[in-house]
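Structure at a glance
The residues making up each chain are set out below.
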Amino acid sequence: MHNKLIQICSGYDFTHEEIEAVKQSFEPVGFPKNTVIEKSGRVPGYLYYIVSGYLRLFYTDQNGNEVTTHINCPPGFFTSYSDFINSTVSENNVECITDCELLRISKEKLDHLIAESQAMKNFSISVFQQSIAYNENRSKELSVLNAEQRYLKLINDYPGIIRNVPIQYIASFLGMKPESLSRIRRKIIN
């Protein structure tokens, strides 16, 4: 189960001992679809590496509506990043949209690996930089692309999302109502 993660690490000059430490620190876990694995009102317990499945990050607004702010598919890392890094209480939930196979690591274990391994430090910095760049790009897309352009970009960049993620989560992620997304999808099909 660690093979994909180790493959990604291979570009960062990990020693054999460091690879073994990564394997020991990332715990394999599986969750069925619709399982909330990190709940709002708590400090996120883990950083997850997605081996298979789809996850979403969401919060509940003042009207009781779920707002999906992030959807991730394999491979990739996932959590409520700023709350995980800063050990602060999160307003977000992490939910398995599909059945998921994950590797998870606690903040304490991650901090220990980073302190012990320059390769892990470099790898972690790269992962968090990619997360920041993704979020900045997503913010820009939400402000400059219209709804149809956002949807077309999503299905072009991540075609598996359409087959695996319910339309209401995709619509929320794209900043629109499900009815609007349905109209856009009908227009594209016709």
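This is a predicted model, so every value here is computed, not measured. (Residues numbered from 1 in each chain as written. Predicted model: local features only at pLDDT ≥ 70, side-chain atom pairs only at ≥ 80, totals over all residues. Heavy atoms only, no water.)

**Quick word on the environment of Leu 55**
Definition in use: Secondary structure counts use DSSP, requiring at least four H or I residues in a row for a helix and at least two E residues in a row for a strand, with both numbered from the N terminus. When a residue's accessible area, from a 1.4 Å probe over protein chains only, is under 20% of the maximum for its type it is buried; when over 50% it is exposed; and in between it is partly exposed.
Tracing the sequence through the fold places Leu 55 in strand β4 (residues 55-60). Accessibility expressed as a relative area gives 0% for Leu 55, which makes it buried.

**Points about the sheet that holds β4**
Selection criterion: Here, any two strands with at least 2 DSSP bridges between them count as paired. Between N-to-C directions, angles span 0 to 180 degrees; the directions come from axes that are lines fitted to C-alpha atoms, helices contributing only their stretch in contact.
The 4 strands are arranged β2-β7-β4-β5 in an open sheet whose pairing can be described as antiparallel. What marks the edges here is a single partner per strand, and that holds for β2 (36-38) and β5 (66-72). If you compare each strand with its neighbour and ignore which way they point, the axes differ by 35° on average. As judged from the 2 bridges shared by β2 and strand β7 (residues 93-96), these two strands associate in the antiparallel manner. Following the sheet pairing, Val 36 is matched in β7 by Glu 95.

**Quick notes on the sheet that holds strand β6 (residues 76-78)**
Taken in spatial order, the 4 strands make up an open sheet running β1-β8-β3-β6, and their pairing is antiparallel. Each edge of the open sheet carries a strand with a single partner, namely β1 (27-31) and β6. Geometrically, the sheet is characterised by an average inter-axis angle of 35° between neighbouring strands, direction not taken into account.

**Quick look at unusual backbone geometry**
The phi dihedral of Asn 34 falls on the positive side, at around 70°, and the residue is not glycine. You can see Asn 34 is positioned in the loop between β1 and β2. Positive phi is not limited to glycine here, since Ser 87 has a value of about 50°. Along the chain, Ser 87 falls in the loop between α3 (81-86) and β7.

**Describing the pattern of salt bridges**
Threshold: For salt bridges, the criterion is a side-chain nitrogen of Lys or Arg within 4 Å of an Asp or Glu carboxyl oxygen.
As enumerated under the stated definition, the model contains 8 salt bridges in all. Between Lys 107 and Asp 111 there is a salt bridge whose closest N-O contact spans 2.8 Å. Here the residue Lys 107 and the residue Asp 111 both occupy positions in helix α4 (residues 107-116), the gap between them amounting to 4 residues, near one helical turn. Accessibility expressed as a relative area gives 37% for Asp 111, which makes it partly exposed. Ionic contacts of the salt-bridge type, sharing partners, join the residues Arg 56, Glu 66 and Glu 95 into one network.

**What to know about the side chain of Asp 83**
Note the cut-off: Only four residue types enter the charge count, namely Lys and Arg as positive and Asp and Glu as negative; His and the chain termini do not. Between N or O atoms, a polar contact is any pair within 3.5 Å; within protein, one atom must be a potential hydrogen donor and the other a potential acceptor, and residues adjacent in sequence are included only when both atoms are from side chains. Working rule for contacts: check all heavy atoms of both residues, and any pair within 4.5 Å makes them a contact.
Summarising the element assignment, Asp 83 is placed in helix α3. No salt bridge is formed by the buried Asp 83, whose closest oppositely charged neighbour, Lys 107, lies at an N-O distance of 12 Å. Engagement of the side chain of Asp 83 in a polar contact is seen with the side chain of Thr 88, the distance being 2.8 Å. At 3.0 Å, the side chain of Asp 83 and the side chain of Ser 90 are in polar contact. Excluding its chain neighbours within four sequence positions, the residues that come into contact with Asp 83 are Val 43, Pro 44, Thr 88, Val 89, Ser 90, Glu 91 and Asn 92.

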